[in-house]
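# Per-entry structural report
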Amino acid sequence: MCDPGKRQRLHGNEGEQHMRESPPEVTCRRGARNGAMAQEAAGPLSEETLSLWKREQARLKARVVDRDTEAWQRDPAFSGLRRVGGVDVSFVKGDSVRACASLVVLSYPELEVVYEESRMVSLTAPYVSGFLAFREVPFLLELVQQLREKEPDLMPQVLLVDGNGVLHHRGFGVACHLGVLTDLPCIGVAKKLLQVDGLENDALHKEKIRLLQTGGDSFPLLGGSGTVLGMALKSHDRSTRPLYVSVGHKMSLEAAVRLTCCCCKFRIPEPVRQADICSREHIRKALGHPGPPAPRSLKAQRPKACPRGDSGESAGEGQPPEDHSLDPRTAPRPGSQEQ
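Structure report, in brief. (Residues numbered from 1 in each chain as written. Predicted model: local features only at pLDDT ≥ 70, side-chain atom pairs only at ≥ 80, totals over all residues. Heavy atoms only, no water.)

### Concerning the state of the cysteines
Disulfide: a covalent bond formed between the sulfur atoms of two cysteine residues. For clarity, the cut-off: By convention in this document, the label disulfide applies to cysteine sulfur atom pairs within 2.5 Å.
Under the definition given, this model contains zero disulfides. Cys 176 provides the cysteine sulfur closest to Cys 186, a residue in no disulfide bond, and the two sulfurs are 8.5 Å apart. As a non-bridged cysteine, Cys 261 has Cys 262 as the owner of its nearest cysteine sulfur, 6.1 Å distant.

### Concerning the environment of Ala 232
Convention followed: Helix numbers and strand numbers start at the N terminus; a helix is a DSSP run of H or I with at least 4 residues, a strand a run of E with at least 2. Contacts are assigned to residue pairs that have any heavy atoms within 4.5 Å of one another.
Along the chain, Ala 232 turns up in strand 9 (residues 228-233). With 27 residues separating them in the primary sequence, Ala 232 and His 205 have C-alpha atoms 9.7 Å apart. Those residues in contact with Ala 232 that lie beyond four places of it in its chain are Leu 212, Asp 217, Ser 218, Phe 219, Leu 221, Pro 242, Leu 243 and Tyr 244.

### Quick notes on the nonpolar core
In summary, soluble globular proteins display a tendency toward joint burial of nonpolar side chains. This is how the line gets drawn: Put simply, buried Ala, Val, Leu, Ile, Met, Phe, Trp, Tyr and Cys residues joined by side-chain atoms within 4.5 Å make one nonpolar core. Relative accessible area decides the class of each residue, using a 1.4 Å probe on protein chains only: under 20% of the type maximum gives buried, over 50% gives exposed, and in between gives partly exposed.
Leu 81, Val 84, Tyr 108, Val 158, Ile 187 and Leu 259 are the most contacted members of the largest nonpolar core, which totals 32 residues. Where this core is concerned, the elements lending two or more residues are strand 4 (98-107), strand 7 (186-190), strand 9, strand 10 (243-249), helix 7 (253-262) and helix 8 (270-286). In contact with Val 84, other than residues within four places in its own chain, are Val 104, Val 105, Leu 106, Tyr 108, Leu 111, Pro 156, Val 158, Cys 263 and Pro 271. Judged by nonpolar contacts, the second largest core, of 26 residues, contains Val 105, Val 174, Ala 175 and Cys 186.

### Brief notes about the pairing of strand 6 (residues 159-162)
What counts is decided by this rule: DSSP-based pairing: two strands are paired if at least 2 bridges between them are found. The handedness rule is simple: strands pointing away from the viewer, and a clockwise path from the first strand over the helix to the second, make the crossover right-handed.
Of the two faces of strand 6, the one holding Leu 159 and Val 161 and the one holding Leu 160 and Asp 162 are both buried throughout. Bridging between strand 3 (residues 83-92) and strand 6 involves three bridges; their strand directions are parallel. Across the sheet, Val 87 pairs through a bridge with Val 161, a residue of strand 6. Bridging between strand 6 and strand 7 involves four bridges; their strand directions are parallel. Directly across from Asp 162, in strand 7, lies its bridge partner Val 189. Of the crossover connections in this fold, the one passing from strand 6 over helix 5 (residues 174-182) to the parallel strand 7 is right-handed.

### Overview of helix 2 (residues 47-61)
Heads up, the condition is: Multiply 1.5 Å by the residue count of a helix minus one, and that product is the helix's expected span. Regarding the arc, it is the one traced by the directions from the helix axis to the C-beta atoms.
Here helix 2 contains 15 residues, and its C-alpha end-to-end distance of 21 Å stays within 8% of the 21 Å for a straight helix at 1.5 Å per residue. Along helix 2, the residues classified as buried are Leu 50, Trp 53, Gln 57 and Leu 60. Axial view of helix 2: buried residues confined to an arc of 95°, hence all on one face. Of the residues in helix 2, the exposed ones pointing more than 90 degrees away from the buried face are Glu 47, Glu 48 and Arg 55. Where helix 2 is buried, its residues contact helix 4 (132-150) and helix 5.

Okay, here's the thing in structure tokens:
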């Protein structure tokens, strides 16, 4: 599906098949971008560069809009929303420099892939906690700009980002960074809790998670400063772990949570899940690994909380146990807490 260097419009039915997990030697998640590997690859970050990054973060943060800006965002059924995008960066296993950046666009509410683009990139900026955007966003921005120039009719109306938005050390995570630079509504969707402003994955937090009963249930992430930084969301009935949703840009937290839930056939929002599949498949082909392409999706039911309603498919049909069926290609990664 994701031929190296080739942009594609996608049509047809591919959602009837089970996902096949990528060979373990092909890719890994952001756990491979730990500080030791990054600094070995790119050298230590100078104080001058770090200071520059901090100033740039502060400058861009002033442009973040944390309210709804589009009519479809205020509509209970998201009427007028036709295209949702997802981005991902996957690494070659054991290599903190070689990676694949991907952008996919899905139709809404069908959640079928209508556009995808992947490219191999070299991330030479070192990984520094809290500054992931400076390492990855330039490549994601290029993909969005390419789509805007060449096929503007397929531009997403919102981007879901595998990372944090305002739930961040300085209130400006990768979802904010990408949103401001693309001028698109963006939502940060993280798999692990970033423990900032007094937020802790402690016994109380785990008890709140236990009380989440059905897909769509959530609770606010109230920081020690008194600010609600995001929401912990049970994205699917079968999910045992929440997602951590935060505002990226040009969208309210309430709308961001609702839309994230509506995009979840499984635990991970479909735009992010499909971007991950695309990037991993692109790496597999670029490295010459044998094997058929990975099927794109499974039969699944849209969460009950989604205002669009039932997808017309059985909740259990074609779906293995939760922690394997939801995102077998997106294992927890240390870097996910530092975006």
